Amino acid sequence: MKLPFVTKEQVEEIAKTYPTPFYLYDEKAIRENARELYEAFSWNKGFKEFFAVKATPNPYLIQILKEEGCGVDCSSYTELLMAEAVGLGAGEIMFSSNETPAGEFTKAKELGAYINLDDITHIPFLQNECGVPETVCMRFNPGGIYELENGIMDNPGAAKYGCTPEQMFEAYRQLMALGVKHFGIHSFLVSNTTAEDYYPTLARTLFTLAVELKERTGAHISFINLSGGIGIPYRPEQEKVDIKKVGAAVRKVYEEVLVPAGMGDVSLFTELGRFMMGPYGALVTKAIHEKHIYKEYIGVDACAVNLMRPAMYGAYHHITVLGKEYAEKDHVYDVVGSLCENNDKFAIDRELPRIDMGDYLVIHDAGAHGFAMGYNYNGKLKSAELLLKEDGSVQMIRRAEKPKDYFATFDFGDLMKKYLS
Ligand SMILES: *Cc1c(COP(=O)(O)O)cnc(C)c1O
């Protein structure tokens, strides 16, 4: 059974100050999970998690992760600015961009970020723009179909990211000729997987490549980045990935492949997003309408603008009606938002307890790729983000949008002036 990290009483209290809908994050659980990750990889001296900013781009949350020893993975200029704002610098930022616009490598280099090149043609692009730094990472794409024990996981051969094996060797040679001294290898092959053999399998692929790269080019490989992709149990019947087991399995491969090749000093990096934040953020919304036509509908005050994963890919997000956690699920509802789009549904044919107007609903596992994907369709405004702190108090970490934010880019003339203050 999946229970939310807040009670009805807590939400009623919070809603007095911050009206629904709002995002709520659980500081204690974020910290505990980050510590478990570090514990699982503590056998690797240089281990570091670079939180994928795109999952939850909030500097206050990044600050919490920073306190737990994490850096960040950025892929754009504004994400780099956020890293800079929380005081992250050399060795604490990974810049894993692709199709990188001009100017962004310069900013990344200025901050001392590890630059992770998506393609071999980015070498002259980087060199022309700001010169290559001393350490460069290359993103790898093995091509074909990526298979784990439980079958086909993904299709890297059809993905736009990374270099082919031959290009990896050539890229290292070119970079060495330009004076690069230390190298990284990065690859991201499967998204949102709870298969515990993903990281160990990926590790074997990358470690084997690393040994070959070192032997054939003489390059010094200082880190290998297993990137993101570890999933979370969105459904009540799924289990959390046992990260301790994953860490131990990666260690076995490390000792089997890297250590005998004299590469026992290679640091391991991760770039997890969903795993770090997903379960520890929830979207809290209120039932404001009910509708009985060909189906039973509950209209809530949040919509796909606040969380688009269900509308975008039919993603499952568990829903708890607060105060009715243990009530019988004897109703079947579509839980819907207010967009003029028929895919604006948080749940379809969901078994839930009877919902009364004014009930608070917790939409689980929205902490990553949730608020971040928000948009402003139908002129809908984005919600506040709140932090449930370890001492039980609540801190606003982003205010709700106001009409003036929606109209902010019309600040050049008189037409919208009266709405801008
Ligand atoms: C999205 C992304 C991540 C994080 O992915 P999760 O599925 O949230 O773990 C990490 N690295 C890169 C380069 C990404 O694009």
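If you're wondering where the values come from, they're calculated on a predicted model, not measured in any experiment. (Residues numbered from 1 in each chain as written. Predicted model: local features only at pLDDT ≥ 70, side-chain atom pairs only at ≥ 80, totals over all residues. Heavy atoms only, no water.)

For the protein, per-residue confidence averages 97 on the pLDDT scale, and 100% of positions sit at 70 or higher. Here strand S8 (residues 151-154) is the element of the protein with the lowest mean pLDDT, 80, and strand S1 (residues 22-26) is the one with the highest, 99. (pLDDT = per-residue confidence, 0-100. Helix = DSSP H or I, 4+ residues; strand = E, 2+ residues; numbered from the N terminus.)

This part covers the packing of aromatic side chains. Within a pair of aromatic rings, the relevant descriptors are the distance that separates the centres and the angle that separates the planes. Under the counting rule described, the total for this entry stands at 19 aromatic pairs. Between Tyr23 and Phe371 the ring centres are 5.7 Å apart and the planes differ by 80°, which places this aromatic pair in the edge-to-face class. Within this pair, whereas Tyr23 is found in strand S1, its partner Phe371 is found in the loop between strand S17 (360-363) and strand S18 (384-388), the two being separated by 348 residues in sequence. Phe371 carries the same exposure label as Tyr23, and that label is buried. Aromatic pair Phe50 and Tyr114: ring centres 6.2 Å apart, planes at 70°, arrangement edge-to-face. In this pair, Phe50 is assigned in strand S2 (residues 48-52) and Tyr114 in strand S5 (residues 114-117), connecting sequence segments 64 residues apart. The buried category is assigned to Phe50, whose relative accessible area is 0%. (Phe/Tyr/Trp six-rings, centres within 6.5 Å; stacked < 30°, edge-to-face > 60°. Buried < 20%, exposed > 50% of the residue type's maximum accessible area, 1.4 Å probe, protein only.)

For the ligand, the set of nearby residues contains 14 residues, the closest of which are Lys54, Gly229, Glu271, Arg274 and His369. Within the side chain of Lys54, an N or O atom sits 2.6 Å from an oxygen atom of the ligand. Between the ligand and Gly229, the relevant distance is 2.9 Å, taken from an oxygen atom to a main-chain nitrogen or oxygen of the residue. Out of a free accessible area of 390 Å², the ligand has 90% covered by protein chains. (Near = heavy atom within 4 Å. Polar contact = N/O pair within 3.5 Å; in protein donor to acceptor, adjacent residues only side chain to side chain. Areas by Shrake-Rupley, 256 points an atom, 1.4 Å probe, with all protein chains shown as cover.)

A few words now on the pattern of salt bridges. Taken as a whole and judged by the stated rule, the model has 23 salt bridges. Taking the shortest distance from any N to any O, the salt bridge between Lys28 and Glu32 comes out at 3.2 Å. Highlighted residues: Lys28 and Glu32, both in helix H2 (residues 27-40), separated by 4 residues, approximately one helical turn. Residue Glu32 is classed as partly exposed on the basis of its relative accessible area, which comes to 40%. Residue Lys295 pairs with Asp334 through a salt bridge whose shortest N-O separation is 3.1 Å. With Lys295 in the loop between strand S12 (281-292) and strand S13 (296-300) and Asp334 in strand S15 (residues 331-336), this residue pair connects regions lying 39 residues apart in the sequence. Residue classification places Lys295 among the partly exposed positions, given a relative accessible area of 28%. (Salt bridge = Lys/Arg side-chain N within 4 Å of Asp/Glu carboxyl O.)

What follows deals with the sheet that holds strand S10 (residues 220-225). With parallel pairing, the 8 strands of this closed barrel are ordered in space as S2-S3-S4-S5-S6-S9-S10-S11. The sheet shows a mean angle of 25° between the axes of neighbouring strands, taken without regard to direction. Across 3 bridges, the pairing between S5 and strand S6 (residues 135-139) is parallel. Within S6, the residue paired with Leu117 across the bridge is Met138. Against the sheet, helix H8 (residues 198-217) engages strand S9 (182-186), S10 and strand S11 (267-270), with an angle of about 165° to S10. (Pairing = 2+ DSSP bridges. Axes fitted to C-alpha atoms, helices over the stretch in contact; angles between N-to-C directions. Contact = heavy atoms within 4.5 Å.)

Moving on, we get to helix H9 (residues 243-258). Helix length check: H9 (16 residues) gives 21 Å between terminal C-alpha atoms against 22 Å at 1.5 Å per residue, within 8%. Where H9 is buried, its residues contact H2, H8, S10, S11 and helix H10 (274-277). (Expected span 1.5 Å × (residues − 1).)

Right, let's get into the packing of helix H7 (residues 165-177) against H8. One can describe the packing of H7 onto H8 by two numbers: an axis separation of 10 Å at closest approach and a directional angle of 50°. In this view, H7 runs oblique relative to H8, as classed from their interaxial angle. With respect to the hand of their crossing, H7 and H8 are arranged in right-handed fashion. Along its contact with H7, which presents Met168, Phe169, Tyr172, Arg173 and Met176, the element H8 presents Leu209, Glu212, Leu213, Arg216 and Thr217. Of the residues assigned to the contact of H7 with H8, the class counts are 6 nonpolar, 1 polar and 3 charged. (Parallel < 35°, antiparallel > 145°, perpendicular 65-115°, else oblique. Left-handed = near helix turned anticlockwise from the far one by under 90°. Nonpolar A, V, L, I, M, F, W, Y, C, P; charged D, E, K, R; others polar.)

Looking now at the environment of Thr193. Structurally, Thr193 can be placed in the loop between S9 and H8. Given a relative accessible area of 5%, Thr193 falls into the buried group. A sequence separation of 82 residues divides Thr193 from Phe275, and the C-alpha atoms of the two residues are 10.0 Å apart. Apart from the residues within four sequence positions on either side, Thr193 is in contact with Met153, Tyr198, Gly229, Ile230, Gly231 and Val241.

In this section: a nonpolar patch on the surface. On the surface, Met1, Leu3 and Tyr326 cluster together into a nonpolar patch covering about 410 Å² of accessible area. Looking at where Leu3 falls in the secondary structure, it is placed in the segment before helix H1 (8-17). (Patch = residues over 30% accessible without salt bridge, like charges linked within 9 Å, V, L, I, M, F, W, Y side chains within 5 Å.)

Here we come to H1. Within the span of H1, buried status applies to Val11, Ile14 and Ala15. Buried positions in H1, seen along its axis, are confined to an arc of 100° and lie on one side of it. Facing away from the buried side of H1 by over 90 degrees, the exposed positions are Glu9, Lys16 and Thr17. For H1, the elements touching its buried residues are S1, S12, S17, S18 and strand S19 (394-398). (Arc of directions from axis to C-beta.)

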